[in-house]
Amino acid sequence: MKLWSGRFQKDVDSQVNDFNSSISFDARLYRQDIAGSIAHATMLGEQGIIAQTEAEQIVNGLRTILEEVESGVIEFSEDNEDIHMNMEVLLTQKIGEAGKRLHTGRSRNDQVAVDFRLYVKEQINEIISMILRLESTLVKQAENNIDAVMPGYTHLQRAQPLTFAHTMMAYANMFRRDLTRFEDCIDRMNESPLGAGALATSTHPIDRDRTAQLLGFTKPMDNSLDAVSDRDFALEFLSACSILMMHLSRFSEEIILWCSWEFQFIELDDAYATGSSIMPQKKNPDIAELVRGKTGRVYGSLISLLTVMKGLPLAYNKDMQEDKEPVFDAIDTVTLCLPVFTAMLDTLTVKRTPMRNAAAGGFITATDCADYLAKKGMPFREAYGIVGKLVDRCIRTGSTLETLPMEDYKEISSLFDNDIYENLSLEACVEGRNVFGGPASSSVKQQIESIKSFIKERE
Ligand code: ARG
């Protein structure tokens, strides 16, 4: 018998029963559902809508159910459709009559909205601590590699020299913004839909401020129609997850490149790489590849829910039951990726020599060479042209800007002097870029300090 069977003459078809039921996935919300019901029952008792003794019976019954669910004694049933009805049935079986009063002045529509918000809020806090651990690892890798010169790329062509630390801080800044996106998301979702009822609140004298306060929300949501039918908090969360995964995926892509035999900038720890079943020489960056691959499913979750929501009239529609699985899958994916990625990053070895050698080839100091002439008074555009000629000569004679003889330099411009060689050393080129945000050790140290205080503020 369904809780809602009053106006029906027939039992629901068993196919429909299975089709309609969400308990197989929304059982995950059991803690939030119990918390929401405890707050609601407490308020009902305080307002005299139900007797205090009944409110107490309900609260105690729910606490016992919580323990029983956690110890695995309780099994939910498909026949009771979702977590909300399963809980009500269990409660009534346990405490009798009083259990039937819990649903006074409330609907599953505000119930599911409150459960889902509480759950997402909690998971965001978990994700934030994981991002903070990633930030600390980036700081560690940066501090250990302040002077590890590496080539910086544009178009995947060697461009200008950087350090490994500077690159780590680039990612640290992306993840810092990701983290604050999650914080913003909590700020906006931190209002309670409870008491919105099915769509239009209730004629009982319920106190929405009280339930909001009991559940740790800043206030009740302003509009009951909005409260039961909006899922933008989940969409905002999925967008934040998608952007985070996009960053992790880009970073993964770099790691995959860096540990290839062609680059050899890093080596993954044996514990964080995998072998091939046929090729004995292989050491594969599977973790990075999987993180890159799993990014797709998080984007998929965002697109699914955007699509579910786009045509729905106010207020609740059953379509909205489809909100949970994409969000759960995104949470599972993000919380699976972040710790393993962090551990992989933490344990990788930076191979300074090949990285420096790669920076030393490919005319990476050509801009510095032009700047040398510009600092001696030549207009930059003209200097640019001259260095182009120098590079061309180097390519034809098989030399580099570092090894090209002084006569060749002089032949192209009399402004060149012996100090060109020290000016073009990789270290000079990196350290010379001590502008705010740049790769020089002094600039990178500032960046590290900024990330460190960001982490500290959240400890
Ligand atoms: N299981 C439903 C969901 O996840 C709960 C709300 C159902 N409300 C309703 N009127 N059918 O959305």
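Use the structure listed above.
In this text the structure is predicted, and so the values were computed from the model without any measurement. (Residues numbered from 1 in each chain as written. Predicted model: local features only at pLDDT ≥ 70, side-chain atom pairs only at ≥ 80, totals over all residues. Heavy atoms only, no water.)

Chemist: Help me get a handle on the overall build of the protein chain, residues and values and all.
Modeler: Each helix and strand in the protein chain was counted, giving 19 helices and six strands. With the C-alpha coordinates aligned to their principal axes, the bounding extent of the protein chain is approximately 100 × 50 × 40 Å. Taking all 459 residues of the protein chain together, 50% fall into the buried category. For the protein chain, the proportion of contacts with a sequence separation of at least 24, taken over those separated by at least 6, is 75%. Just so you have it, the protein chain exposes about 21800 Å², and 51% of that area is on carbon and sulfur atoms. Seen as two clouds, the 48 positive and the 68 negative side-chain charges of the protein chain have centres 3 Å apart. (Helix = DSSP H or I, 4+ residues; strand = E, 2+ residues; numbered from the N terminus. Buried < 20%, exposed > 50% of the residue type's maximum accessible area, 1.4 Å probe, protein only. Contact = heavy atoms within 4.5 Å. Areas by Shrake-Rupley, 256 points an atom, 1.4 Å probe, with all protein chains shown as cover. Lys, Arg positive; Asp, Glu negative; His and termini not counted. Charge placed at Lys NZ, Arg CZ, Asp CG, Glu CD.)

Chemist: Break down the site of the ligand for me, citing the residues and quoting the values.
Modeler: All residues adjacent to the ligand are S22, D26, D82, H84, R108, N109, V112, Y316, Q321 and K324. Y316 has a polar side-chain atom sitting 2.5 Å from an oxygen atom of the ligand. In this structure, an oxygen atom belonging to the ligand sits 2.6 Å away from a side-chain N or O atom of K324. About the coverage of the ligand: the protein hides 86% of its 340 Å² of free accessible area. In terms of residue count, helix α6 (residues 108–144) provides more of the shell around the ligand than any other element does, three residues in total. Its residues assigned to classes, the shell around the ligand comprises two nonpolar, four polar and four charged. (Near = heavy atom within 4 Å. Polar contact = N/O pair within 3.5 Å; in protein donor to acceptor, adjacent residues only side chain to side chain. Nonpolar A, V, L, I, M, F, W, Y, C, P; charged D, E, K, R; others polar.)

Chemist: Lay out helix α13 (residues 352–360) with the relevant residues and their values.
Modeler: Side chains that are three or four residues apart share a direction in an α-helix, a result of its 3.6 residues per turn. The complete set of buried residues in α13 reads M355, A358 and A359. Projected down its long axis, α13 carries its buried residues within an arc of 100°, all on one side. Of the surrounding secondary structure, the elements contacted by the buried residues of α13 are β1 (149–154), β2 (157–163), α7 (164–189), β6 (349–350) and α18 (426–431). (Arc of directions from axis to C-beta.)

Chemist: Before we move on, could you go through the side chain of H247 and cite the residues and values that matter?
Modeler: One can find H247 in helix α10 (residues 232–258). In this structure H247 touches Y171, M174, F175, D178 and R181, once residues within four positions along its chain are discounted.

Chemist: Describe the packing of aromatic side chains, and please don't skip the residues or the numbers.
Modeler: Scanning the entire structure with this criterion turns up 15 aromatic pairs. Both rings, one in F263 and one in F265, keep their centres 5.1 Å apart while their planes meet at 80°; by these two values the pair is edge-to-face. In this pair, the class of F263 matches that of F265, namely buried. One aromatic cluster is present, formed by F116, Y119, F233 and F328 through successive ring pairs. Here the guanidinium or amino end of K121 rests over the ring plane of F217, the centre of that ring lying 4.5 Å away. Here the guanidinium or amino end of R381 rests over the ring plane of Y384, the centre of that ring lying 4.8 Å away. (Phe/Tyr/Trp six-rings, centres within 6.5 Å; stacked < 30°, edge-to-face > 60°. Lys NZ or Arg CZ within 6 Å of the ring centre and 35° of its normal.)

Chemist: Let's hear about a nonpolar patch on the surface: which residues, and what values?
Modeler: Where nonpolar side chains cluster on the molecular surface, the patch consists of L199, L225 and L314 and spans about 270 Å² of accessible area. Judged by its relative accessible area of 40%, L199 is partly exposed. (Patch = residues over 30% accessible without salt bridge, like charges linked within 9 Å, V, L, I, M, F, W, Y side chains within 5 Å. Salt bridge = Lys/Arg side-chain N within 4 Å of Asp/Glu carboxyl O.)

Chemist: Any chance you could break down the layout of surface pockets for me, citing the residues and the numbers?
Modeler: Taken as a whole, the largest pocket encloses approximately 400 Å³ of empty space. Together, 18 residues line the largest pocket, and Y153, T167, Y171, R250 and E254 are the ones closest to its centre. Here the residues of the lining of the largest pocket sort into ten nonpolar, five polar and three charged. Contributing to the lining of the second largest pocket are 15 residues, with C259, S260, W261, Q281 and K283 lying nearest its centre. Of the residues that constitute the lining of the second largest pocket, the class distribution is seven nonpolar, four polar and four charged. (1 Å grid on protein atoms, 1.4 Å probe; cavity = no way out; pocket = protein on both sides within 12 Å on 5 of 7 lines; lining within 4 Å. Points joined across faces, edges and corners; volume = space filled by probe spheres on them.)

Chemist: Hey, could you go over the environment of K445 for me, with residue numbers and the actual values?
Modeler: Considering the arrangement of structural elements, one finds K445 in helix α19 (residues 441–457). Looking at K445, the relative accessible area reads 48%, which means it is partly exposed.

Chemist: Quick one: what's the story with a negative patch on the surface, residue by residue and with numbers?
Modeler: The grouping of D13, D18, E78 and D79 at the surface amounts to a negative patch. Here E78 lies in the loop between α4 (52–70) and α5 (83–95).

Chemist: Now, about the nonpolar core: what can you tell me, with residues and values included?
Modeler: The tendency in soluble globular proteins is for nonpolar side chains to be buried side by side. Counting 102 residues, the largest nonpolar core has F164, F182, F237, F251 and W258 as the members making the most contacts within it. Counting 19 residues, the second largest nonpolar core, distinct from the first, contains C369, C394, I420 and L424. (Core = buried A, V, L, I, M, F, W, Y, C linked by side-chain atoms within 4.5 Å.)

Chemist: Outline the pairing of β1, listing residues and values.
Modeler: The pairing of β1 with β2 spans six bridges and is antiparallel. Paired with P151 across the strands is P161, a residue of β2. Taken together, β1 and the strand that follows it, β2, pair antiparallel across an intervening segment of two residues, in which H155 is found at a positive phi of about 55°. (Pairing = 2+ DSSP bridges.)

Chemist: Tell me about the pattern of salt bridges, and name the residues and values.
Modeler: In this structure the tally under the stated criterion is 32 salt bridges. When the shortest N-O distance is used, the salt bridge between K410 and D417 registers 3.8 Å. On the accessibility criterion, K410 (37% relative accessible area) is partly exposed. Note on D417: relative accessible area 38%, which makes it partly exposed. Each member of the salt-bridge network shares a partner with another, and the members are E81, D82, R108 and K318.

Chemist: So, the packing of α4 against α5: which residues are in play, and what are the values?
Modeler: In contact at an axis separation of 10 Å, α4 and α5 are set at 110° when each is read in the N-to-C sense. Of the possible angle classes, the one that applies to α4 and α5 is roughly perpendicular. Handedness of the crossing formed by α4 with α5: right-handed. Of the residues in α5, those in contact with Q57, I58, G61, L62, T64, I65, E68 and V69 of α4 are M87, L90, L91, K94 and I95. (Axes fitted to C-alpha atoms, helices over the stretch in contact; angles between N-to-C directions. Parallel < 35°, antiparallel > 145°, perpendicular 65-115°, else oblique. Left-handed = near helix turned anticlockwise from the far one by under 90°.)

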